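Listed below are the residues making up each chain.
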Amino acid sequence: MITVRRARTITAPRSRIRAFGLRTRLLAAFLLVAAVSAGTTSALTYREARNALLKTTQDTAVATFREQVQQTGFGLPVIQREGLEELLRDLARKGKPRPWVVFAEYGSFRASSGENPVSTVITPQLRRAAQANPYGGFERVVKDGVPYLTIAMPTVFKTGPYSTLPSGLVLYAVMRMTDEQINVDALLTAARDGALPGLAVALVPGLIAARSVLRPVRELRRAARSMGSGRLDTRIAVRGSDELADLAATFNETAAQLEDSVQELREAEARARRFASDVSHELRTPLAGMLAVTEVLDEDADHLDADTARAVRLVSAETGKLAVLVEDLMEISRFDARAAELNTDEVDVAEAIRKTLQNRHWTEDDRVHAELPAGIRARLDPRRFDVVIANLVGNALRHGGAPVTVGLRTGERPKGTPVLITEVTDRGPGIRPESIPYIFDRFYKADAARTRSAGSGLGLAITQENVRLHGGTIRAGNRPDGGAVFTVEIPLDTGGLTA
């Protein structure tokens, strides 16, 4: 038996009755074994008792009839029916274990101790057996539902110490076996009635056995569920030396290895986060100086020779990319550290999107079209929502094809929750189907041949984190007529949400 030892309290799930659960199958198997055992025992007992009862009756009847026939003298040839019938009635009265009806056959001559000289119970097979065997034979016959024992005994002449000669006179004894049938039926009833209570009694140890097996299984399930909820210090107390104890020991070993591995991963992840955050912070100061220098150099680039001007502009562009990467890394670090917060305000969503597009001069050359119905208001973090729209539109312009369309509408989730839906579509080649599941991964490049890009590779990942911070979802796909589409769904009321 095993029990769970855990550092925190685990709420056991409410037991659910399953029609074909393990308890049901164990009970069914136990009852099946009990039924087969009880049935087999009852059947064997019934068969042996029945055979013993019938054998005792028929042995007594056959031995008595043989003895009486041998002790009775019959005058041959038989010519007088009255004398023979008197002998037959005398034999019938001496019948054991109960009276017989005795019949005699001598050629075509027939006589009996009863009213009818010919029996309808004696079969041709018994007659043939009596003619072939000087010791006679017997047979059990059922006639009109009544069981009979029929015995055939031929009379013989002794021609020597060890030889006999049939006389031609054959005697038959017919005895009803109704009493034996009643006893046999009583045996069958007793066997059947004894098996049913046995099954009922077997149900009790079956329940006890099922409980003893299922209790450790339930404890193991609770332990596994506890570990699944993050309580990796859950262990199972090992008791005994059976298979369940081995299972408990294996579970503990696996849990310990998993806890160590997860702890190592957490420490490695924490080190990676600290490294990225520290590097980002350390780079901000020199980058600020480099940006100031590159701005000055950009202003004087027109007065430099062509090669120097080209080098200055390249340094300036790469420094700007590095600055963007550092800012994105710091933003990702804040999300990883769960330090990001929402500062929500009720805003006009359409106006917020227009400001995002205008501030980046995306509406001046018709590369971006906006379909923004008025009157849609929601509680959003304006700065983070601006990042979401800017990253999606910028990504569509870099990797898709103009014109890019920004659409806005409201809708409902399956549970009836009202949501704000923003769609950004482009006219480019679309996203390869195999890239869609990874499009929001950090530093993922849908085009493996593109080793360099204008962005940091973190834009879509930051977008997804900002959408999640609002309690929303974002998904990527392709339009039927070509081009990629990014759909953002945010609950209309997101006040009070924090990371």
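Residues numbered from 1 in each chain as written. Predicted model: local features only at pLDDT ≥ 70, side-chain atom pairs only at ≥ 80, totals over all residues. Heavy atoms only, no water.

### Looking at the overall build of the protein
Moving on, step 1. Helix and strand counts for the protein come out as nine helices and 14 strands.
Moving on, step 2. Restricting to contacts in the protein with at least 6 residues of sequence separation, those with at least 24 account for 67%.
Moving on, step 3. Approximately 29400 Å² of the protein is accessible, and the part contributed by carbon and sulfur atoms is 55%. (Helix = DSSP H or I, 4+ residues; strand = E, 2+ residues; numbered from the N terminus. Contact = heavy atoms within 4.5 Å. Areas by Shrake-Rupley, 256 points an atom, 1.4 Å probe, with all protein chains shown as cover.)

### Some words on the packing of aromatic side chains
Moving on, step 1. This model, assessed by the stated rule, comprises two aromatic pairs.
Moving on, step 2. Taking 5.2 Å as the distance between ring centres and 90° as the angle between the ring planes, the aromatic pair formed by Phe65 and Trp100 counts as edge-to-face. Residue Phe65 is found in helix H1 (residues 22-71), and its partner Trp100 is found in the loop between helix H2 (81-93) and strand S2 (101-106); the two are separated by 35 residues along the sequence. (Phe/Tyr/Trp six-rings, centres within 6.5 Å; stacked < 30°, edge-to-face > 60°.)

### Some thoughts on the sheet that holds strand S11 (residues 404-412)
Moving on, step 1. Strand order in this open sheet of five strands is S9-S11-S12-S14-S13, and the pairing throughout is mixed. Whereas interior strands pair on both sides, the edge strands pair on one side only; in this sheet they are strand S9 (368-371) and strand S13 (473-478). Looking at each pair of strands side by side, their axes are set apart by 20° on average, direction ignored.
Moving on, step 2. The pairing of S11 with strand S12 (residues 418-425) spans eight bridges and is antiparallel. (Pairing = 2+ DSSP bridges. Axes fitted to C-alpha atoms, helices over the stretch in contact; angles between N-to-C directions.)

### Some remarks on the packing of helix H7 (residues 349-359) against helix H8 (residues 382-399)
Moving on, step 1. Two elements in contact, H7 and H8, have axes separated by 10 Å at closest approach and are oriented at 55°. If you check the angle between H7 and H8, you find them oblique. Here H7 runs over H8; the crossing is right-handed. On the side of H7, the interface is formed by Val349, Ala352, Ile353, Thr356 and Leu357, while H8 contributes Phe385, Asp386, Ile389, Ala390 and Val393.
Moving on, step 2. Among the residues forming the contact of H7 with H8, the class breakdown is eight nonpolar, one polar and one charged. (Parallel < 35°, antiparallel > 145°, perpendicular 65-115°, else oblique. Left-handed = near helix turned anticlockwise from the far one by under 90°. Nonpolar A, V, L, I, M, F, W, Y, C, P; charged D, E, K, R; others polar.)

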